Amino acid sequence: GTGLVDVAMPAATSITLGPSSGDERRIARASDDASLVPIGLGQSVQLTVRVGFEWGDDRWFTRDERTAYSITQGAQLASLSESSPWLLVASESAGASASGTVTVEVSFAGLTESIDVTVVRLESLELSVRPYPSYPGSDGVVVSLLSALACTGAFQRAQAGVEARLSDGESVVVTQQSTITSTNAGVVAVSAASRLDGVGAGSASVAATFGSDSSSDAYVLAVSTAPVDVEEVHLETSFGPQSTFRGELGSTKHLKLRVVWSDGRQFPDAVQGDAASWVAPSLYLSFASDASDAVGVSESGVASLSDNHHEEVELSASASCPDAPPATGAQSVKANLLPANGDVDIGAHYGLQFPAGLAVGDTFDVAVRIRADQALKGFDVALHFDESVVHIATDGDCVIGSGWSDTWGCVVNNVGATDRVTVQGSSATGTSTGTIEVAAITFTVVGEGENDFTGSIVEMIRASGTDDPADMVAGAGTVAVGAGRRRRLVSSRLPRRRPRSAVAAAAATQGGALTSRRRSLAQAQAGACKSGSYAGDTNGDCIFGIADVIFMQKHALGMDLSAENGGPLTEWQLSQLDPTQRGGTDGVDITYLMSCKGGTYKFLDSVTADGSGGTLVLSARLKGVSDTIATDADSGVRFEIGTELNAGMELSVGSGKEATDAGVLVSAVYDYATQSFRAELTGPVGASLAAEAVGVAVILNTYNAFGDTMPSRQFSFFGSSIIQGLSFDPFL
């Protein structure tokens, strides 16, 4: 059946007409240039209607047939679409000059709302001419004259700009979409990106067009041969933290040079900016450095890094045209070389390599860094210095660097070597790459003058292989001590280091020759050296070096060395892998071998004890690197004799007999005839003086150049009660 239903509809309470955005309420005729990019005004706008109801909700009613649209103002400028009355379209019939406001009203259920839509047209095209290249403040400079640039033979240039002025007061830049022309290309030529180039004396009219109907008024631009001169020169190069020019040897950097001309216009970057594309800096500028051996500057304004320098380097640029007013700019920079792969650097990362203003008595810290692009396995680096200016006071003034954690050694003040410090390290499993700090050294200033730090890279072993010996390049530098010692006062009477390029070339030549000789020797004796070679030559390549310490580390770690060794280890190699002669190989042996390489330990070549004839004769021979026989010039031997029965023995050869917890201690004397350290003691009648009856421990020590020894220069075979932390353990 059918029936009636009484539905109570909620009452409409509000109506909202869109669009709400002002930009969306702007339209233009399709034939007007305001519709073109980049202005891009549309030809229509879609209206939107939303109705709110008393229940608090709202709904879209844009296309509801009960929604009524009408134009209450400006009907000649736009119309509502017949098929889509919510679409307002700009009218082509309004005429080219027509623009203004169109008011649209909408009504629904007794509610009304209206909005205004603006019909816009392009009213005018404005051409402006500003300086080229641009610089801060150049937007406010109007250019009507292009002058000759000093003595360069070139003219100034300008930048054209085009703006479209719209009927609603808005402006849009349309330079890229405009066409700019000159009435005389022999005076003013129009180049890419709307640039206006002065070509020759005279005047020309320049104009711009946009779209199909818009054009600017003619702009008269004159070109004159009367020159403008350089009035100011400002060096404004950004070199990095603390104004440091950092880089590897030969690194370059374009200077940033701001030039101010006599008419007030500027080149913000005369070396590498837009100005350099038509006016080479060398045509009107000259460059200089007051330390060109460290930082040089080419005629085109490119700085090159050739060395470290102990003072700030002053770079300058000056106007160079004849008869031009003087104009010079200067900038100070700190030269600080970075290491190339396989090179060593010392000193500060930024700023001057070493502190300035040092005086006698001051101390300064020097970091030692190695650049390794492949994993660093081992190194042996010697740093040289002038001991009359700086020195290293104690062994404790050289400590391991923050970037290294494996076997390490630092040797200072060895006999005959107080002008150098040797830093060594090895790591069979090392993976460190990059710039690695391997040591930190404290130097003390002891005299005035200039100290040149130089260095020798004796060994550098990376995962990629072993480098040839070379001179240190990036780390070579100077420390100046003494008030008022300026570069110009000392350079004429103090020898200078070779330029870094010469050092690098010499290192390549000399190091290559040395390595070739060493390799030839190793190849010629490869077989023989597996069965006997220099003490410490664990890998049997006829050379004792850091590579042998690495070989020992691998052995201690239980690595299979048969492939690297070309077969099983020989008896000779096994003996060299146990320099402490305690049986086997461990960390003590590794440290001992590294110390022998540095000279703070010696190899114990032989020890004998003969108690026949009523006299106990003790003898020990020590060897250094390359099997050189150690003497009392830098080495010593003491014997601890562990006996109570024979405590009353009399010392006939040797010195310093004293009692110990285990027995007696005597210092041997060096016998040049037998090249050994000897001590002789006579015992009581009938006492047994055989070594096994008394027990003998051997304590070797080395001395530094000042005659001092210390725990790091002492070692006992096997154990001595006089060594802290050890007890008597006889070697014989």
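Residues numbered from 1 in each chain as written. Predicted model: local features only at pLDDT ≥ 70, side-chain atom pairs only at ≥ 80, totals over all residues. Heavy atoms only, no water.

1. Let's talk about helix H7 (residues 587-598)
Step number 1: Along its twelve residues, H7 runs 17 Å from first to last C-alpha, staying within 8% of the 16 Å computed at 1.5 Å per residue.
Step number 2: Taken together, the buried positions of H7 are occupied by Asp589, Ile590, Tyr592, Leu593, Met594, Ser595, Cys596, Lys597 and Gly598.
Step number 3: Among the residues of H7, the N-terminal cap falls to Asp586, whose side-chain oxygen and the backbone nitrogen of Val588 are separated by 3.0 Å.
Step number 4: Two residues or fewer past H7, Gly599 is found with a positive phi of approximately 95°. (Helix = DSSP H or I, 4+ residues; strand = E, 2+ residues; numbered from the N terminus. Expected span 1.5 Å × (residues − 1). Buried < 20%, exposed > 50% of the residue type's maximum accessible area, 1.4 Å probe, protein only. Polar contact = N/O pair within 3.5 Å; in protein donor to acceptor, adjacent residues only side chain to side chain.)

2. Notes on helix H4 (residues 546-556)
Step number 1: With eight of eleven residues buried, H4 is to be regarded as a mostly interior element.
Step number 2: Taken residue by residue, H4 has Ile546, Asp548, Val549, Ile550, Phe551, Met552, Gln553 and Lys554 as its buried positions.
Step number 3: The positive-phi residue at the C-terminal boundary of H4 is Gly558, with phi of around 80°.

3. Let's talk about unusual backbone geometry
Step number 1: Cis rather than trans, the peptide bond between Val37 and Pro38 has omega equal to 15°.
Step number 2: Within the fold, Pro38 resides in the loop between strand S2 (26-27) and strand S3 (44-46).
Step number 3: The step from Tyr132 to Pro133 runs through a cis peptide bond, and the omega angle for that step is -5°.
Step number 4: Mapped onto the elements, Pro133 comes out in the loop between strand S11 (122-132) and strand S12 (145-149).
Step number 5: With a phi angle near 55°, Ser243 is a residue other than glycine that sits in the positive phi range.
Step number 6: Note on placement: Ser243 falls in the loop between strand S21 (230-235) and strand S22 (244-247).
Step number 7: One non-glycine residue, Gln581, adopts positive backbone phi at about 60°.
Step number 8: Looking at the element boundaries, Gln581 is found in the loop between helix H6 (571-576) and H7.
Step number 9: Judged by its relative accessible area of 33%, Gln581 falls in the partly exposed class.

4. Things to note about the state of the cysteines
Step number 1: Following the criterion strictly, the structure yields three disulfides and no others.
Step number 2: Bridging Cys151 to Cys321, the disulfide has an S-S length of 2.0 Å. Since a negative S-S torsion denotes a left-handed disulfide, the Cys151-Cys321 link at about -75° is left-handed. With Cys151 in the loop between S12 and strand S13 (157-166) and Cys321 in the loop between strand S29 (313-319) and strand S30 (328-337), this pair connects stretches of sequence that are 170 residues apart.
Step number 3: Classification of Cys151 as partly exposed rests on a relative accessible area of 40%.
Step number 4: Each sulfur in the disulfide pair Cys529 and Cys542 lies 1.8 Å from the other. In this structure, the disulfide formed by Cys529 and Cys542 twists by about 110° around the S-S bond and is classed as right-handed. One end of the pair, Cys529, is in helix H3 (residues 526-529); the other, Cys542, is in the loop between H3 and H4, and 13 residues separate them in sequence. The burial state of Cys529 is the same as that of Cys542; both residues are buried.
Step number 5: With cysteine numbering restricted to those in disulfides and following the sequence, the chain has the pairing 1-2, 3-4, 5-6.
Step number 6: With no disulfide of its own, Cys596 lies closest to Cys410 among cysteine sulfurs, the gap being 17 Å. (Disulfide = S-S within 2.5 Å.)

5. Section: the confidence of the model for the chain
Step number 1: Per-residue pLDDT for the chain has a mean of 91; in total, 92% of the residues score no lower than 70.
Step number 2: Note that residues 484-525 has pLDDT below 50 and, in this model, 64 contacts with residues that lie over four places away or in other chains. (pLDDT = per-residue confidence, 0-100. Contact = heavy atoms within 4.5 Å.)

6. A word on a nonpolar patch on the surface
Step number 1: Together, Val5, Val7 and Met9 line one region of the surface with nonpolar side chains, adding up to about 370 Å² of accessible area.
Step number 2: Here Val7 is to be found in the segment before strand S1 (12-18). (Patch = residues over 30% accessible without salt bridge, like charges linked within 9 Å, V, L, I, M, F, W, Y side chains within 5 Å. Areas by Shrake-Rupley, 256 points an atom, 1.4 Å probe, with all protein chains shown as cover. Salt bridge = Lys/Arg side-chain N within 4 Å of Asp/Glu carboxyl O.)

7. A short note on the packing of aromatic side chains
Step number 1: Scanning all chains against the criterion turns up 25 aromatic pairs.
Step number 2: With a centroid separation of 4.6 Å and an interplanar angle of 85°, the aromatic rings of Tyr670 and Tyr672 are classed as edge-to-face.
Step number 3: Residue classification places Tyr672 among the exposed positions, given a relative accessible area of 55%.
Step number 4: Among the aromatic residues, those joined into a cluster by ring pairs are Tyr592, Tyr601, Phe715, Phe717, Phe718 and Phe731.
Step number 5: In this structure, Arg50 is placed above the aromatic ring of Trp60, and the distance from its NZ or CZ to the ring centre is 4.6 Å.
Step number 6: Taking NZ or CZ as reference, Arg246 lies 4.2 Å from the ring centre of Tyr350, over its face. (Phe/Tyr/Trp six-rings, centres within 6.5 Å; stacked < 30°, edge-to-face > 60°. Lys NZ or Arg CZ within 6 Å of the ring centre and 35° of its normal.)

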